Each structure stands twice: as C-alpha cells, then as structure tokens.
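Examining the three-dimensional arrangement
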Amino acid sequence: MKKIILSAFLCTISYMMVGQTLIDYTFRVEGACGMCAERIEQTAIKKGKAQSANYDLDTKMLTVSIDESVTGISEVKWEIAQSGHTNGSF
C-alpha cells in the first residue's frame with residue numbers, strides 16, 4: 001500500500017514539474033540594504049508567487065522566475081510595491 005501511495009505521489013509531482021514553463025524577468029527595484037533585499041525577494045516569492053527571486057543590491061535589479069499560469073509579472077511588481085519598494089510600474 002505504501003508503494004502505491006508513494007508511486008502516485010511521485011507521478012503527480014513529475015506531472016506538475018513537466019507542465020511548468022518558467023519565464024525570467026529582470027527589472028529595477030529600489031532597495032537600500034540587506035534587509036530590503038531579503039524583503040524584496042521574499043515578497044516576490046511568497047506574495048507574488050514567483051518560483052525564484054534574486055535581488056542584486058549593487059545594481060538594484062531583481063530577477064524573478066515565474067510560471068505565467070500561476071501569476072503574472074504585474075502581480076509580482078504590485079506585491080513588491082505594497083511592501084514599500086518602488087519598481088517603475090507601481
């Protein structure tokens with residue numbers, strides 16, 4: 001029984017991963033310190049539903065990977081703006 005459940009779980013995970021098409025976006029976000037960088041990345045992932053986020057504090061550029069069947073870049077930018085960081089769009 002455990003093998004059947006495990007097999008079903010692994011098949012579901014594999015199916016979900018195959019269906020993802022991630023798109024990378026890079027845009028400027030205002031942030032001044034390490035805490036800002038962490039907040040920007042976490043907001044993009046948790047509230048904006050990005051798969052990954054990497055903020056470069058020196059260039060003030062954020063790169064996010066999103067699955068557009070789950071979220072859009074406007075939603076990610078909106079959530080970041082709501083956390084207090086302007087990004088050109090909001």
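Read on for an overview of the structure. (Residues numbered from 1 in each chain as written. Predicted model: local features only at pLDDT ≥ 70, side-chain atom pairs only at ≥ 80, totals over all residues. Heavy atoms only, no water.)

**Quick word on the overall build of the chain**
Convention followed: For helices the rule is a DSSP run of H or I covering at least 4 residues; for strands it is a run of E covering at least 2, with both sets numbered from the N terminus onward. With a 1.4 Å probe rolled over the protein chains alone, any residue whose accessible area is under 20% of its type maximum counts as buried; one over 50% counts as exposed, and the rest are partly exposed. Areas reported as accessible are Shrake-Rupley estimates using a 1.4 Å probe. Residue values count occlusion only from the protein chains shown.
Summing up its helical and strand segments, the chain has 3 helices and 3 strands in all. Taken across its 90 residues, the chain has 29% of its residues classed as buried. For the chain, the computed accessible surface area is about 6100 Å², with 59% contributed by carbon and sulfur atoms.

**Here we look at the nonpolar core**
The criterion, for reference: By nonpolar core we mean a set of buried residues, namely Ala, Val, Leu, Ile, Met, Phe, Trp, Tyr and Cys, connected to one another through side-chain atoms within 4.5 Å. Contact definition: two residues touch when any of their heavy atoms are within 4.5 Å.
Formed by 14 residues in total, the largest nonpolar core has its most connected members in Phe27, Val29, Ala44, Leu62, Val64, Val76 and Ile80. Elements that contribute at least two residues to this core include exactly helix H2 (34–46), strand S2 (52–56), strand S3 (61–67) and helix H3 (73–82). Excluding residues that lie within four positions of it along the chain, Leu62 makes contacts with Tyr25, Thr26, Phe27, Val29, Ile40, Ala53, Asn54, Tyr55 and Ile80.

**Considering the pattern of salt bridges**
Test applied: A pairing counts as a salt bridge when a side-chain nitrogen of Lys or Arg comes within 4 Å of a carboxyl oxygen of Asp or Glu.
For the structure shown, the criterion picks out 2 salt bridges. Put simply, Glu30 and Arg28 hold a salt bridge, and the shortest N to O gap is 3.1 Å. The class for Glu30 is partly exposed, based on a relative accessible area of 34%. Residue classification places Arg28 among the partly exposed residues on the basis of a relative accessible area of 41%. Taking the shortest distance from any N to any O, the salt bridge between Glu75 and Lys49 comes out at 3.7 Å. Of the two residues, Glu75 sits in helix H3 while Lys49 sits in the loop between H2 and S2, which places them 26 residues apart along the sequence. Residue Glu75 is classed as partly exposed on the basis of its relative accessible area, which comes to 28%.

**Some words on the side chain of Thr43**
Structurally, the position occupied by Thr43 is in helix H2. Residue classification places Thr43 among the buried positions, given a relative accessible area of 10%. Setting aside residues no more than four positions away along its own chain, Thr43 makes contact with Gly48, Glu79, Ile80 and Ser83.

**Remarks on unusual backbone geometry**
The phi dihedral of Lys49 is positive, around 65°, even though this residue is not glycine. Notably, Lys60 is not glycine yet its phi reads approximately 60°, a positive angle. Mapped onto the fold, Lys60 is located in the loop between S2 and S3.

All quantities given are derived from atomic positions and should not be read as evidence of function.
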